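Observations on chain architecture
Each chain, letter by letter, is given below.
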Amino acid sequence: EPEVTQTPSHQVTQMGQEVILRCVPISNHLYFYWYRQILGQKVEFLVSFYNNEISEKSEIFDDQFSVERPDGSNFTLKIRSTKLEDSAMYFCASVDSETGGYTFGSGTRLTVV
Amino acid sequence: LAKTTQPISMDSYEGQEVNITCSHNNIATNDYITWYQQFPSQGPRFIIQGYKTKVTNEVASLFIPADRKSSTLSLPRVSLSDTAVYYCLVGDVGAGNMLTFGGGTRLMVKP
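The structure presented is a predicted model; accordingly, all values stated were derived computationally and were not measured.

Things to note about the state of the cysteines
Here is the idea: a disulfide is a covalent bond, and it sits between the sulfur atoms of two cysteines. Residues and elements named next belong to chain A. By the definition in use, this model includes two disulfides over all chains. Between the sulfur atoms of Cys-23 and its disulfide partner Cys-92 the distance amounts to 2.0 Å. Its S-S torsion of about -60 degrees marks the bond between Cys-23 and Cys-92 as left-handed, since a negative value means left-handed. One end of the pair, Cys-23, is in strand β3 (residues 19-24); the other, Cys-92, is in strand β9 (residues 88-95), with 69 residues separating them in the sequence. There is no split in this pair, since Cys-23 and Cys-92 are both buried.

As structure tokens, this is what we get:
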């Protein structure tokens, strides 16, 4: 079964530092998403990406966040200057264009100290 | 988006059938009902999706009454490994549609 791969599985960073979370979506999928889940809370939508541009973003996805698909296989989420409240699990998902079926990665646990 | 209501938690024992009901009174004509499962520190995993009546796959069954204002996820003969959070999502399906997760139902399967 095809998988969405996320790296690293766990990242610890100091407040104010930049982090890049990486995702390798399923190869023939065209829609990509980032979601996050703060410990003990709901899974929240951050951003959707299609045809090399953002198609939708939430209020959480402010100017400190950016996404990129630099090389046709990787899909990255960058947080420019991390805050303590950015500590969360970040999940990448890629979506089958024909079925609308989501496949989530195992997530990156980001801890900002 | 249709709001969903499901129990916060449920307990069961190995080998039992578990039924988790989700209410979605404001479901729209175009909306589908989708259930996801999430283990600790993992991403949500698709379980089953339906529009009306009954859908069954190798993992679960989904029962949807005619008015579609609720749905029931049925897990046959649960095992300890079915301990997870189960989310009911209601919305238009399609690759460009984001998912809106509620709080889910935390299922604890005991030996």
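Comments concerning the packing of aromatic side chains
The geometry of an aromatic ring pair is captured by the separation of the ring centres together with the interplanar angle, meaning the angle of the planes. The full count for this structure, using the stated rule, is 19 aromatic pairs over all chains. On the basis of an interplanar angle of 40 degrees and a centroid distance of 5.2 Å, the ring pair of A:Phe49 and A:Phe75 is categorised as tilted. Of this pair, A:Phe49 sits in strand β5 (residues 43-50) while A:Phe75 sits in strand β8 (residues 75-79), placing them 26 residues apart in sequence. The exposure classification of A:Phe49 matches that of A:Phe75, with both residues buried. Ring pairs connect the aromatic residues A:Tyr33, A:Tyr35, A:Phe45, A:Tyr102, A:Phe104, B:Tyr36, B:Phe46, B:Tyr87 and B:Phe101, which therefore count as one cluster.

So, the interface of chain B and chain A
Counting residues at the interface gives 17 residues for chain B and 19 residues for chain A. Both sides together, the interface formed by chain B and chain A hides about 1400 Å², and carbon and sulfur atoms give 58% of it. The three residues of chain B that bury the most area against chain A are B:Ala95, B:Met98 and B:Phe101, which together make up 36% of that side's buried surface. Where chain B packs against chain A, one counts zero salt bridges. Taken together, chain B and chain A are joined by seven residue pairs in polar contact (both at pLDDT 80 or more). Considering only residue class, the side of chain B that touches chain A consists of eight nonpolar, nine polar and no charged.

Let's talk about the side chain of B:Gln37
Residue and element names in this part refer to chain B. In this fold, Gln-37 is placed in strand β3 (residues 32-38). Classification of Gln-37 as buried rests on a relative accessible area of 4%. Polar side-chain contacts of Gln-37 include one of 3.0 Å to the side chain of Tyr-86. When sequence neighbours within four positions are dropped, the list of residues in contact with Gln-37 reads Gly-43, Pro-44, Arg-45, Ile-47, Asp-82, Ala-84, Val-85 and Tyr-86.

Procedures and definitions
- Residues numbered from 1 in each chain as written.
- Chains lettered and ligands numbered in written order.
- Predicted model: local features only at pLDDT ≥ 70, side-chain atom pairs only at ≥ 80, totals over all residues.
- Heavy atoms only, no water.
- Disulfide = S-S within 2.5 Å.
- Helix = DSSP H or I, 4+ residues; strand = E, 2+ residues; numbered from the N terminus.
- Buried < 20%, exposed > 50% of the residue type's maximum accessible area, 1.4 Å probe, protein only.
- Phe/Tyr/Trp six-rings, centres within 6.5 Å; stacked < 30°, edge-to-face > 60°.
- Contact = heavy atoms within 4.5 Å.
- Buried area = accessible area lost by both parts, 1.4 Å probe.
- Salt bridge = Lys/Arg side-chain N within 4 Å of Asp/Glu carboxyl O.
- Polar contact = N/O pair within 3.5 Å; in protein donor to acceptor, adjacent residues only side chain to side chain.
- Nonpolar A, V, L, I, M, F, W, Y, C, P; charged D, E, K, R; others polar.

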